[in-house]
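Structural description and commentary
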Amino acid sequence: MVFDLFLLAGMVFDDNAAAADRGRVVSVSMFVAVLCLCVVVGHMLEENRWTNESITAIVIGCIVGTIILVASKGKNSHIVRFDQELFFMYLVPPIIFNAGFQVKKKQFFHNFLTILLFGVVGIFISFAIISAGSWKLFPKIGFTGLSIQEYLALGAIFSTTDTVCTLQVLHQDETPRLYSLVFGEGVVNDATSIVLFNAIQKLDVSKLEGWAVLHVFGDFLYLFSTSTILGIAIGLLTSYALRALYFGSRHSTDREIALMVLMAYLSYMMAELSQLSGILTVFFCGIVMSHYAWHNVTENSRITTRHIFATMSFIAETFIFLYVGMDALDIEKWKAMKTSLKTCFGIYGIIIFLVLLGRAAFVFPLSILSNYICSHSETSLITLRHQIVIWWAGLMRGAVSVALAFSQFAHSGVTWDPVYATMITSTIVVVLFSTLVFGILTKPLINVVLPHHVHRGSDQQPKADDITLSLIPLEDSAESGLLQARRSLSRLLARPVHTIHAYWRKFDDKYMRPVFGGAT
């Protein structure tokens, strides 16, 4: 009798497990089908003036969420449940690695100082304004219940940007420096925001002192430097392995691609295991691989890797925006929220206002500072038109904001706390509003601010030949060492970026390329 009861219980358990497995298969199949729909519709609307692929994915996500919500009689709007681990472990790495792998390295490092100003200093300015503004204004509209640490986390959450909409409109060939600034700031911005968010999680608010700010900034510098070094080291190791193991007739396209993909993902995982910034590590790993490793593989492997990395990044981005659209209709969060409609709209308005203000508070002043620093060098200045585009490009909020909000205010994508539910729904509403409204207006705005008849040469940098010529006398000159040092210093002060780049090229050609490979 007892044996029969155990047998019956086992059969019921097996049936329940099988039903759950079938449910997961159906959910994944439906989500993949919707992803395919996003790809097709996005391609059909590619030339549309008012939309792009990210907006298309969000709209389709909202439509699918509505259909599921109606079909389930108001019980559910999801095909799959959001998981922070899924986002950070499987969706972020291909997006960031492809950004580093495809980046035009000369433009990126030529503007590296300005990118750091926007992506690091600017984030701290925006973070301070959003945190202080929400702490001051939320109670005035009747919304309370957040701690100091949660207000600080809110500042980090809404300091992240999503520059995809703007980058899809800008043209690298017409405005290379502007594209490099928007692209570079977007990557550094995400890394800085996540590092800042993690530092806030470890912050002991009860013992908050004046030195805490310096401590947070010191932690950021440590994470930035060590993460960068780790990414470069793994990229160099991959390059050396490809150069040493696959040569002559022993080239294998499958093994080359597999090694590059696995080492790229390994760099991200090692950074996360070491409690470093996986975003920075995988980004610089991508840059190093494109500079060295990519030239050590066969022509077939070069073409294939370009398309594979771009495709993986595209699918991950579409997946994220599609889910954000569906999550906007998550009935559980809206039911858990007890805040009045008037207060909710007040929260949305305050956050959007602070985002606009925080963005303007650093873009225009830091652009003036960058122009002043570069006024006597070879770098072209950031015009007012370009400053407006940079400001606008950072107004959109995307998947990183949603992921950080879930990490702060939810557990496994679910929360029953009314205050936390309000913050999650507010984040989703701000992301939807900024992506749809600001994203739709991006193309018309850029067409007005940057007409297509802009001269291509206005944003170009001096040619590489000019860089090399300025250093030729250093090789053949018979002058004394002191005079050579003075002349080198004067060149460095007059044309710092190009002078450093020229010395790096000499070092790279003499010591790095013979060991790690690269373009000949």
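Up top is the structure these notes are about.
Residues numbered from 1 in each chain as written. Predicted model: local features only at pLDDT ≥ 70, side-chain atom pairs only at ≥ 80, totals over all residues. Heavy atoms only, no water.

It is worth spelling out the packing of aromatic side chains at this point. The tally for this structure, following the rule as stated, stands at 16 aromatic pairs. A ring pair is formed by F101 and F309, whose centres lie 5.0 Å apart and whose planes are at 70 degrees; its orientation type is edge-to-face. Taken together, the positions of F101 in helix α3 (residues 84-102) and F309 in helix α12 (residues 299-327) put the pair 208 residues apart, joining distant regions of the chain. In terms of burial, F101 and F309 fall into one category: buried. Considering the side-chain rings of Y292 and F516, the 6.1 Å spacing of their centres and the 55 degrees angle between planes classify their relative orientation as tilted. Of the two residues, Y292 sits in the loop between α11 (278-291) and α12 while F516 sits in helix α21 (residues 496-516), which places them 224 residues apart along the sequence. F516 carries the same exposure label as Y292, and that label is buried. What links up through ring pairs into an aromatic cluster is the set W391, W392, F433 and F438. A cation over a ring is seen here: R306 above W294, with NZ or CZ 4.5 Å from the ring centre. (Phe/Tyr/Trp six-rings, centres within 6.5 Å; stacked < 30°, edge-to-face > 60°. Helix = DSSP H or I, 4+ residues; strand = E, 2+ residues; numbered from the N terminus. Buried < 20%, exposed > 50% of the residue type's maximum accessible area, 1.4 Å probe, protein only. Lys NZ or Arg CZ within 6 Å of the ring centre and 35° of its normal.)

This paragraph deals with the environment of F438. Summarising the element assignment, F438 is placed in helix α17 (residues 418-449). In this structure F438 touches I352, L356, W392, L395, M396 and F433, once residues within four positions along its chain are discounted. (Contact = heavy atoms within 4.5 Å.)

Moving on: the pattern of salt bridges. Counted under the stated rule, the structure contains three salt bridges. R302 is the salt-bridge partner of E299, the closest N and O atoms lying 3.7 Å from each other. Of the two residues, E299 and R302 are both situated in helix α12; the distance of three residues between them amounts to about one turn of the helix. On the basis of relative accessibility, which here comes to 49%, the residue E299 falls in the partly exposed class. Between D509 and R513 there is a salt bridge, with its nearest N and O atoms 2.9 Å apart. Linking D509 with R513, this pair stays in helix α21, spanning four residues, or about one helical turn. (Salt bridge = Lys/Arg side-chain N within 4 Å of Asp/Glu carboxyl O.)

Turning our attention to the packing of helix α14 (residues 341-373) against helix α15 (residues 384-393). Orientation of α14 relative to α15, taken along the N-to-C sense of each, is 145 degrees, at an axis distance of 10 Å. As for the relative orientation of α14 and α15, their crossing is right-handed in sense. Along its contact with α14, which presents L356, R359, A360, V363, F364, S367 and N371, the element α15 presents L384, Q387, I388, I390 and W391. Class assignment of the residues belonging to the contact of α14 with α15 gives a composition of eight nonpolar, three polar and one charged. (Axes fitted to C-alpha atoms, helices over the stretch in contact; angles between N-to-C directions. Left-handed = near helix turned anticlockwise from the far one by under 90°. Nonpolar A, V, L, I, M, F, W, Y, C, P; charged D, E, K, R; others polar.)

Side chains of L113, L369, Y372 and I373 sit close together on the surface and give an oily, nonpolar patch of about 430 Å² of accessible area. Turning to its location among the elements, I373 is positioned in helix α14. (Patch = residues over 30% accessible without salt bridge, like charges linked within 9 Å, V, L, I, M, F, W, Y side chains within 5 Å. Areas by Shrake-Rupley, 256 points an atom, 1.4 Å probe, with all protein chains shown as cover.)

Time to look at helix α10 (residues 253-273). Relative to the 30 Å expected for 21 residues at 1.5 Å per residue, α10 spans 30 Å between its end C-alpha atoms, a close match to the ideal helical length. Buried residues of α10: E256, I257, M260, M263, A264, S267, Y268 and A271, and no others. Around the axis of α10, the buried residues are gathered within 135 degrees of arc, so they sit on the same side. Exposed side of α10, more than 90 degrees from the buried face: D254, R255, L262 and L273 are the residues found there. Positive phi appears at Q275, one or two residues downstream of α10, with a value of about 60 degrees. (Expected span 1.5 Å × (residues − 1). Arc of directions from axis to C-beta.)

On to the nonpolar core, then. Judged by nonpolar contacts, the single largest core of 121 residues is most densely connected at F87, F138, F283 and M289. For this core, the element with the most residues is helix α8 (residues 176-201), which contributes 13 residues. If near-sequence neighbours (up to four positions away) are discounted, F138 is found in contact with G133, F143, L146, Y151, L154, I347, I350, I351 and M423. (Core = buried A, V, L, I, M, F, W, Y, C linked by side-chain atoms within 4.5 Å.)

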